[in-house]
Amino acid sequence: MDILTSSTASCCLVVNLRWKLAESGSNSSQLKLPTSRERKILFARTNQRNGSLRFSSVDKFLKKLNHGKGSRSLDSFGGLKNGNSKVFSGNSSSYVVGGEDDVGSITENGESPTKVLIPGLPDESNGEYSAPISSCFWKWKPKLNVHYEKAGCENVNSPPVLFLPGFGVGSFHYEKQLKDLGRDYRVWAIDFLGQGMSLPVENPTLFSKDGAASEGKDSIWGFGDEIEPWANELVFSMDLWQDQVRKFIEEVIGEPVYIVGNSLGGFVALYFAARYPHLVKGVTLLNATPFWGFLPNPIRSPRLARIFPWSGTFPLPANVRKLIEFFWQKISDPKSIAEILKQVYADHSTNIDNVFSRILEITQHPAAAASFASIMFAPQGQLSFRETLASCKMSDIPICLMYGKEDPWVKPVWGLQVKQQVPEAPYYEISPAGHCPHDEVPEAVNYLLRGWIKNLESHGSVALPLHEDAEVVENSIARDLEFVREGSRKSVIVRFFGSRFSIWNSFSSYIKSQFKETTSRILTP
C-alpha cells in the first residue's frame, strides 16, 4: 500500500511510482495507474489545525485535481516528473510514502511495510535552524552540583520535556534531541549525580597520613579513610536520583513535564512518576531497564539489608577499593568502552565519536571510580519496576514505549512485558536499532515523540503517529520510516502495537504467515 501525504501549507512528495504521463500535458486525467491488485494507493492530507490524517483513494484525489479552481498539474502538487524521485522542501507535518520500487524489506508477517518520509535532523551546514544548547550547573547540595543542558527556553508556551540518561553517560547523549526538539519545545537533559559532569567537586573522603603514603591513592577521590561531613550517608542510588529529579523540576523547570528516559533513565523516570505523579505529564521509555540494584533496600527489607556490611556509602572499605581498582582499569580502558558501544549500537555506521570521547573524559575524573563503586553497590529502590508501572497506571499517567529491536541487553521481550502490563500505552518497536535508539536513529525517535506529545496536548484530536487506520493498529502495523541523513536516504522499520496486541496473537500471526508462505512455495510449480 502506498500513501501520499501532504500538508495544506506546503506539499512534500517523494514519488517513485510507476506512473506514466502522456507526452502532451500532465493533468490528472492523463495519469495512468498500475492495475496490480496487490497495490493500494492512498492519498493522505495533514490537517494543519489538529494534525490528523485524512485518507482517500487515488480516484478521489485525481478528481480533486481538476475540481474547483481549474485544472492543476501534478507538477504543481510537488513537481512529479516521469520516472524521477524527488524530495521537495516542506514543513515537519508533510510525509510521503513511496512506491513499490522503494519497498526493500519484509515484516515478520510477510507484508511489505508502507514507506513514510519523515523529517531529518536540522542540517546546519545547509543553513537549517537548530536550537542552540546551553550548558549549565545547578547547585543542589554542598559539593554536589548538577550539570544539565537546555534548549528552546524561548518557546514559553510550549510543553516542557526532560530527558534522563542511561548508565555511564550524561546529558550529551541527548544532543540530537535538544537541537531538534528544542525548535518546538522547552527541553532539558540532566546528568545524574555520580555520572557525567555531576560528579563531586571535592574529595568526599580524607586520607590519614599513613594511609595516603602507603597506598598512594591521594589522587583518587573516595578511596580515603575518613568521610567528609558533607558526604555523610551519600550514596548514588535510585532514591537519590528520583529526589534529584523532583528538586530539579520544582526549582529549575517550575512546572509538570514530559519525562523521557533511556535504560537506567527510563527506570528513574517511572520511579519518579510513581512517587510524584502531579509533576509528570507523561513518560516515554526508551529501552528502559526493568531492574536496578543488587542489594536489598534497607527500608523494604531491613533484616536482609543488615546482612551486607556496605551499601555504597563513603568511604569505600579497603577490600572494595582493591576490587574496584582492578575492575575500573578494565572498564575505563578505551578498548573496553569501544567494545561496549559496538554492542549497544545495531548500526555500526553510526558516528559515535562524540559519545566515545565524552565517556572517556568522564572516566578520567578523580571521583569516577569511587562513584562507579557507589552506584554498583547501592541498594535497590523502594519500588520495583512492575510496581512503578502499576502505580503510574493507577495515577493515569500516559506512557509511551519506544524500544530498539536489536538491543542486546534489554531484549524486546522486556518491552513487550511492559506493553502487556499497560496495554493502552502505544508501543513502537524500531529496527534496526539497539539499546540507544534516540542516538542511533534520532530522526525516528524525535518524529514519534513529537507526535505522541501532540496527541496528548490536543487531548486526542491529533492522532498518534502511524495511527492512521484505527481498526488495523488495534493489533499491530508496520511502517518503513525514511529520512535523509548527511545527503543519503536511510530508513528503519517501525512496528506499532495497539491496545489489543498480545504476544500470543503476534506469535500466531507469524506462524500462520510462515505456513502460508511454505504452502505457496510447495504448490507453485
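What you see is a predicted model, and the numbers here were worked out from it, not measured in a lab. (Residues numbered from 1 in each chain as written. Predicted model: local features only at pLDDT ≥ 70, side-chain atom pairs only at ≥ 80, totals over all residues. Heavy atoms only, no water.)

Caption draft 1: The arrangement of the packing of aromatic side chains in detail. Under the definition given, this model contains 19 aromatic pairs. On the numbers, 5.4 Å between centres and 80° between planes, the contact of F326 with F327 is edge-to-face. The interplanar angle of 55° and the centroid separation of 5.1 Å between the aromatic rings of Y427 and F497 together place this pair among those described as tilted. On the criterion of sequence distance, the pair formed by Y427 in strand β14 (residues 427-431) and F497 in strand β16 (residues 488-497) is long-range, its members being 70 residues apart. The pair formed by Y427 and F497 is uniform in burial state, with each residue classed as buried. Joined through ring pairs, the aromatic side chains of W138, W140, Y148 and F248 make up one cluster. The aromatic ring of W140 is capped on one face by K141, whose charged end is 4.4 Å from the ring centroid. (Phe/Tyr/Trp six-rings, centres within 6.5 Å; stacked < 30°, edge-to-face > 60°. Helix = DSSP H or I, 4+ residues; strand = E, 2+ residues; numbered from the N terminus. Buried < 20%, exposed > 50% of the residue type's maximum accessible area, 1.4 Å probe, protein only. Lys NZ or Arg CZ within 6 Å of the ring centre and 35° of its normal.)

Caption draft 2: Quick look at a nonpolar patch on the surface. A cluster of nonpolar side chains, namely L323, F326, F327 and I331, defines an oily patch on the protein surface of about 350 Å² accessible area. The topology assignment puts I331 in helix α7 (residues 318-331). Its relative accessible area of 32% is what places I331 among the partly exposed residues. (Patch = residues over 30% accessible without salt bridge, like charges linked within 9 Å, V, L, I, M, F, W, Y side chains within 5 Å. Areas by Shrake-Rupley, 256 points an atom, 1.4 Å probe, with all protein chains shown as cover. Salt bridge = Lys/Arg side-chain N within 4 Å of Asp/Glu carboxyl O.)

Caption draft 3: Quick peek at unusual backbone geometry. Residue P315 follows F314 across a cis peptide bond; omega there is 0°. Following the sequence through the fold, P315 ends up in the loop between α6 (302-305) and α7. At the junction of S431 and P432, the peptide bond is cis and its omega measures out at 0° in the coordinates. Note on placement: P432 falls in the loop between β14 and α13 (437-440). Even without glycine at this site, N287 takes up a positive phi of about 50°. Turning to its location among the elements, N287 is positioned in the loop between β12 (280-286) and α6.

Caption draft 4: Main features of the layout of surface pockets. A volume near 1,000 Å³ is recorded for the second largest pocket. Lining the second largest pocket we find 39 residues, and of these F167, G168, W292, I340 and W409 sit closest to its centre. In terms of residue count, helix α10 (residues 368-376) provides more of the lining of the second largest pocket than any other element does, five residues in total. By residue class, the composition of the lining of the second largest pocket is 25 nonpolar, 14 polar and no charged. (1 Å grid on protein atoms, 1.4 Å probe; cavity = no way out; pocket = protein on both sides within 12 Å on 5 of 7 lines; lining within 4 Å. Points joined across faces, edges and corners; volume = space filled by probe spheres on them. Nonpolar A, V, L, I, M, F, W, Y, C, P; charged D, E, K, R; others polar.)

Caption draft 5: Region of interest: the packing of helix α5 (residues 264-275) against helix α11 (residues 385-394). Between α5 and α11, the least distance of the axes is 8 Å, while the angle of their chain directions is 50°. Comparing the axis directions of α5 and α11 gives the class oblique. Here α5 runs over α11; the crossing is left-handed. The segment α5 lies against α11, with F267, L270, Y271, A273 and A274 engaging F385, T388, L389, S391 and C392. (Axes fitted to C-alpha atoms, helices over the stretch in contact; angles between N-to-C directions. Parallel < 35°, antiparallel > 145°, perpendicular 65-115°, else oblique. Left-handed = near helix turned anticlockwise from the far one by under 90°. Contact = heavy atoms within 4.5 Å.)

Caption draft 6: The sheet that holds strand β4 (residues 114-117), seen in detail. What the 11 strands build is an open sheet, ordered β4-β15-β16-β14-β13-β12-β11-β7-β8-β6-β5; its pairing is mixed. Pairing within the sheet leaves two strands with one partner each, and these edge strands are β4 and β5 (134-141). Across the sheet, the axes of successive neighbouring strands diverge by a mean angle of 25°, strand direction being ignored. Alignment of strand β6 (residues 144-151) against strand β8 (residues 186-190), held across four bridges, turns out to be antiparallel. Looking at the pairing, A151 lines up with V187 of β8. (Pairing = 2+ DSSP bridges.)

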